[in-house]
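One-letter residues, chain by chain:
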Amino acid sequence: MATITATAQKSSPPGILAGAAVRKLLVLALLAAVLVPFAVTRWSSGAWPEALTVDVSGPLADVSDWIIDNRDSHPLFLYFLGHVSNVVVIAVRAVYLALLAVGWAGVTAVAALVAWRVAGVRLALGTAVAFLVCGLLGMWVPTMQTLALMVVAVAASVLVGALLGLAAGLSDRMERLLRPVLDTMQVLPAFAYLLPVVLVFGIGVPAAVLATVIYAAPPMARLTSLGLRGADKEVLEAVESLGSTARQRLLTARIPLARKELLLGINQTIMMALSMAVIASVIGAGGLGDRVYQALASVDVGAALAAGVPIVLLAVVLDRVTGAAGARLGQAPAPNSRALWSAALAAAAVVAVAGRLAGRLEWPVNWVVGIADPVNRAVDWMTAHLYTGVPVVGGTADWAGRFTTWVLDPLRDGLQWLPWWSVLLTVAALAWLIGTWRTALTAVLAMAAIGVLGVWDQSLDTLSQVLAAVAVTLVIGFATGIAAARSDRVERLLRPVLDVFQTMPQFVYLIPVVALFGVGRAPAVAAAIVYALPAVVRITAQGLRRVDPAALESARSLGATSAQQLRQVQLPLARRALLLAVNQGVVLVLAVVIIGGLVGGGALGYDVVFGLAQGDLATGLVAGAAIVCLGLMLDRVTQPTERRAKKGA
Amino acid sequence: MRMSRVSRVSRMLRAGTTGPHRTRPPRTRTGRTRPKRAAAGAGALLLLTLTGCGAADMTKQASPFANAQGARTVTLSVQSWVGAQANVAVAQYLLEHELGYRVDTVQVDEVPAWDALSQGRVDAILEDWGHPDQEQRYVEDKKTIARGGDLGVTGHIGWFVPTYFAEQHPDVTDWKNLNKYADQFRTPESGGKGQLLDGSPSYVTNDKALVKNLKLDYKVVFAGSEAAQITQIKQFAKQKKPFLTYWYTPQWLTEQVPMTEVKLPPYKEGCDADPAKVACAYPHTPLQKYLNADFAEKGGKAADFLKKFKWTTEDQNEVALMIADQKLTPRQAAKKWVDSHESTWRSWLP
């Protein structure tokens, strides 16, 4: 369905396209004219009518009590979930003990040598330095704990994701079944589903690993399915003509041909898993995330940074190494590749054994450099001098105050003042204009579900924060992206900054934003902007750079100025990338606005935090569900149908 | 993993045309099959554990990081406020240096910490501010948690204004006069009303009901975490701005930003029974320790030590201030305190 409309739209001239939009709006207007008077007389206008809400707090409290009372006796827990949890504990422990047994020198050597063989000398050096820095920051043991947890979580995610992707890649029915689920998972802020996981598995490593798997498996599944479906038809036909069985075709042609996507999937999974490392510390993951979380409790940005830096380093190293491995996939191996591998492994083994014999398994205590003090001094200076009373421009607190009073408040009050049916209509119109009637229906149902759950006001409050943050993000992001696309130097300068901000755990900059902007919705919005900006900048810059050089060349030969080229050629041609940037921006902003509940963002984020803190399933789960619905709605409203059609094809 | 897959594929394709490989999918020794085999292995392991050894009670599974390399480990729950960190830091230091244990700490919110304690994921909570529901469920009914005695510190929650403001306007310390000052406590977040700053959602609070029932012209603004609340209070204090906040003692911040309590209608036994109708102050709570029931019985010296652990508000504040204000690590702070208070902690050792 989606495919047909999309291709029809694409091939049709703009006049008809506009006609289609008008037709859609007419149909909506007609529907509204019939339904709205009915709804308004039946229920009320204004906020979501009381009569249409369902109170689920009673049943949820019962569920919560039942789980707690039966966790140590019911067969479901004893014979299934208990074993799942057990396997996780054993696996993490095994990896952790192995890492400790190899010692710091051994771990560094193994990592560096593997990086050398897979990705070359430069990355090998980078890897070694990264691990040594983790040690120097005094974070060796937490780094190993996080690494152990990540190894298990990534392995499980890749396994689960690959199996799901295989199913979706081979069977159309599975594809239809799984796609909406995976789509939803993709837009889910991780914070929303920590609570149910904790309730079942209790605080601790098993819950953390499972939450990570839920978060990190979908990209693997998506990309596996995409790779299998995207296999070159001619090669497949050639294989089929050779009389091979379906299984042979899968093993010898389809999977090998999809290896690029598979590797990209692994790369994505690793990045997602690492970004969960800190969030999962809220439910007892331990390791680096826990250090960040504990440091923030005593408002110690420096210490939080000392634990955040290893996460960033791990992420950058793993990203580059898997990326380089992907890029090298097609090339022929060096003739002596096997010998070099054995040499590398032997060297690693020698270092590990040497470390062991020297009795230097643990990172030496006096090889630690404290960065906490200088960082804290810098942060103190910043907050002391920028907070308020800066001549002419005013301090950050003044900006935050004005932003709250002049942007956030009117936006929130406006949204909450709107009659509920008009919100639904707006959502329907936006989603239908950009997509199909199906996406519109999903978006409207998601929005209605929020009302039914009885969290209409909070959700609109969250929505107002998201909209404000997205607007700012897009303005800054597009401007920076355009600058980066037009100048190589700007892009080179930006790249490491973007890398760091994209992988830095969001928690680390929650405290600086409070110090700069005070408590409230403004710091939540600021943190969201910082988090979403790198992705928007990146996608914009890439999209603009991919614009066909021939088109640019011809524009130039017609004497178009640089600004004209940008406005009339590059931006229109990069439209799809820009829309993707909007979509990603919205999803990322939502994720952080929720975490903003920790710094006074209130609304749904606060409810989730409250639910986690009080073990209150009724509040936490309802807010979590509302976040899911909000995410779904926002995604559908900003996701052009072309992209989805292409993915499915 | 990196082996040239293209050439292998083409080799396989060619092999398929010629001979014996045709009916059987060719196997390769390296690379591609390895993850599959590992996957199969993991699956088999899972299946084995599922069918092989019967019940697995996940409420009795310890942390995978515990007892690594043969050490005896105690896991303590650290709550997010610094006073609790001080308790844990000193207990940890003494357990490690005097009794030879390894100590793991986990940061958990208050209510989930009870759950973790009952499951044995943590062995002890050293500072609890009173959770009657959880106490009933875990201590009385399920008997998975045992009482560990008084911590020695008495906690008190209340509403506070900075002392510099209370000195200029002495009548602000009575709740009846709060409405007079509402517009001085206004912030962008609280809109037209005065702001009552609340902290972490995990803390015990009746503030919304109090504001309503005492008919105050205030809005409760939740900072969402204590860290955010402290940062905000410090910023206010730097500029000598007035503020009204939910706060508690003992807390190290009161040493840095002196605060005066606002008198609410006095607390009477049972006046906070109905959360919606509360109109009285918060009680004074002797803080309690709780131990996992199994640990309390079989925990040996560590359990005995934790049961005897008892100090004063001043002691706790001393350590907390070193951690939060002088930015010593909890370990350094604990060492400093331990070095100078030997007579206090000697009596805790079994």
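Residues numbered from 1 in each chain as written. Chains lettered and ligands numbered in written order. Predicted model: local features only at pLDDT ≥ 70, side-chain atom pairs only at ≥ 80, totals over all residues.

- The name an unreviewed UniProt entry assigns to chain A is ABC transporter permease subunit, from the organism Streptomyces composti.
- Regarding chain A, the relevant UniProt record gives this comment under Sequence similarities (unreviewed entry): "Belongs to the binding-protein-dependent transport system permease family." (UniProt positions renumbered as here; feature names shortened; annotations may be inferred.)

### A look at the overall build of chain A
Argument step 1. Counting its secondary structure elements, chain A contains 29 helices and 0 strands.
Argument step 2. The principal-axis extent of the C-alpha atoms belonging to chain A is close to 85 × 65 × 65 Å.
Argument step 3. Among the 649 residues that make up chain A, the fraction classed as buried is 54%.
Argument step 4. For chain A, restricting intrachain contacts to residue pairs at least 6 apart in sequence, the fraction spanning at least 24 positions comes to 80%. (Helix = DSSP H or I, 4+ residues; strand = E, 2+ residues; numbered from the N terminus. Buried ≥ 20, exposed ≤ 12 C-beta atoms within 10 Å, placed from the backbone. Contact = placed C-beta atoms within 7 Å.)

### Overview of the overall build of chain B
Argument step 1. In terms of regular secondary structure, chain B is built from 14 helices and 9 strands.
Argument step 2. Looking at chain B as a whole, 42% of its 350 residues qualify as buried.
Argument step 3. Across chain B, every contact between residues at least 6 apart in sequence was considered, and the portion connecting residues at least 24 apart equals 72%.

### As for the domain arrangement of chain A
A common way to express how large an interface is: the accessible area buried when the components associate.
Residue and element names in this part refer to chain A.
Argument step 1. Entries for chain A in the domain assignment read domain 1 (74-374) and domain 2 (387-416 + 456-614).
Argument step 2. Listed by partner, the interface residues are 21 residues for domain 1 and 18 residues for domain 2.
Argument step 3. Elements represented by at least two residues in the side of domain 1 that touches domain 2 include exactly helix H8 (194-201), helix H12 (259-279), helix H13 (287-297) and helix H14 (301-327).
Argument step 4. With 8 residues, the top contributor of residues to the side of domain 1 that touches domain 2 is H14.
Argument step 5. Here the side of domain 1 that touches domain 2 is built from residues that sort into 20 nonpolar, 1 polar and no charged. (Domains from an automatic or database assignment. Nonpolar A, V, L, I, M, F, W, Y, C, P; charged D, E, K, R; others polar.)

### Some words on the nonpolar core
Residues and elements named next belong to chain A.
Argument step 1. Core analysis: the biggest nonpolar cluster contains 308 residues, and Val-92, Leu-194, Ala-211, Ile-283, Ala-528 and Val-589 have the highest contact counts within it.
Argument step 2. Broken down by element, this core gets its largest block of residues, 22 residues, from helix H4 (residues 75-119).
Argument step 3. Contacts of Val-589, omitting those with residues within four sequence positions, involve Val-466, Ala-469, Val-470, Thr-473, Ala-528 and Ala-532. (Core = buried A, V, L, I, M, F, W, Y, C linked by C-beta atoms within 7 Å.)

### Quick look at the packing of H4(A) against helix H5 (residues 121-136) of chain A
All names here are of chain A.
Argument step 1. Contact geometry for H4 and H5: axes closest at 7 Å, N-to-C directions at 155 degrees. By the angle between their directions, the pair H4 and H5 is classed as roughly antiparallel. Of the two possible hands of crossing, H4 and H5 adopt the one that is right-handed. Contacts from Trp-104, Val-107, Thr-108, Ala-111, Ala-112, Leu-113, Ala-115, Trp-116 and Ala-119 in H4 reach Val-121, Leu-123, Ala-124, Thr-127, Ala-128, Phe-131, Leu-132 and Gly-135 in H5.
Argument step 2. Its residues assigned to classes, the contact of H4 with H5 shows 14 nonpolar, 3 polar and no charged. (Axes fitted to C-alpha atoms, helices over the stretch in contact; angles between N-to-C directions. Parallel < 35°, antiparallel > 145°, perpendicular 65-115°, else oblique. Left-handed = near helix turned anticlockwise from the far one by under 90°.)

### Some words on the environment of Ala130(A)
Residue and element names in this part refer to chain A.
Argument step 1. Considering the arrangement of structural elements, one finds Ala-130 in helix H5.
Argument step 2. Given 25 C-beta atoms within a 10 Å radius, Ala-130 is considered buried.
Argument step 3. Each C-alpha atom of the pair Ala-130 and Ala-471 lies 36 Å from the other, and the pair is 341 residues apart in sequence.

### Quick word on the pairing of strand E5 (residues 194-198) of chain B
All names here are of chain B.
Argument step 1. The element E5 is extensively covered by neighbouring structure, given that 5 of its 5 residues are classed as buried.
Argument step 2. Residue alternation in E5 divides its side chains into two sets, Gly-194, Leu-196 and Asp-198 and Gln-195 and Leu-197, and both sets are buried.
Argument step 3. Where E5 lies against strand E6 (residues 218-222), 5 bridges are found, and the strand directions are parallel. Residue pairing for E6: Leu-196 is matched across the bridge by Val-220.
Argument step 4. Handedness of the β-α-β unit built from E5, helix H7 (residues 207-213) and E6 comes out right-handed.
Argument step 5. As judged from the 2 bridges shared by E5 and strand E7 (residues 244-249), these two strands associate in the parallel manner. Counterpart to Leu-196 in the pairing with E7 is Leu-244. (Pairing = 2+ DSSP bridges. Right-handed = clockwise from strand over helix to strand, strands pointing away.)

### Overview of the packing of helix H7 (residues 172-187) of chain A against helix H9 (residues 205-229) of chain A
Helix-helix packing: each pair is described by the crossing angle between the helix axes and the interaxial distance.
Residue and element names in this part refer to chain A.
Argument step 1. For the pair H7 and H9, the least separation of the axes is 10 Å and the interaxial angle reads 140 degrees. Classified by the angle between their axes, H7 and H9 sit oblique to one another. Between H7 and H9 lies a crossing of left-handed hand. Packed against H7, whose contacting residues are Glu-175, Leu-182, Met-185 and Gln-186, the element H9 presents Pro-218, Ala-221, Arg-222 and Ser-225 at the interface.
Argument step 2. For the contact of H7 with H9, the class distribution of residues is 4 nonpolar, 2 polar and 2 charged.

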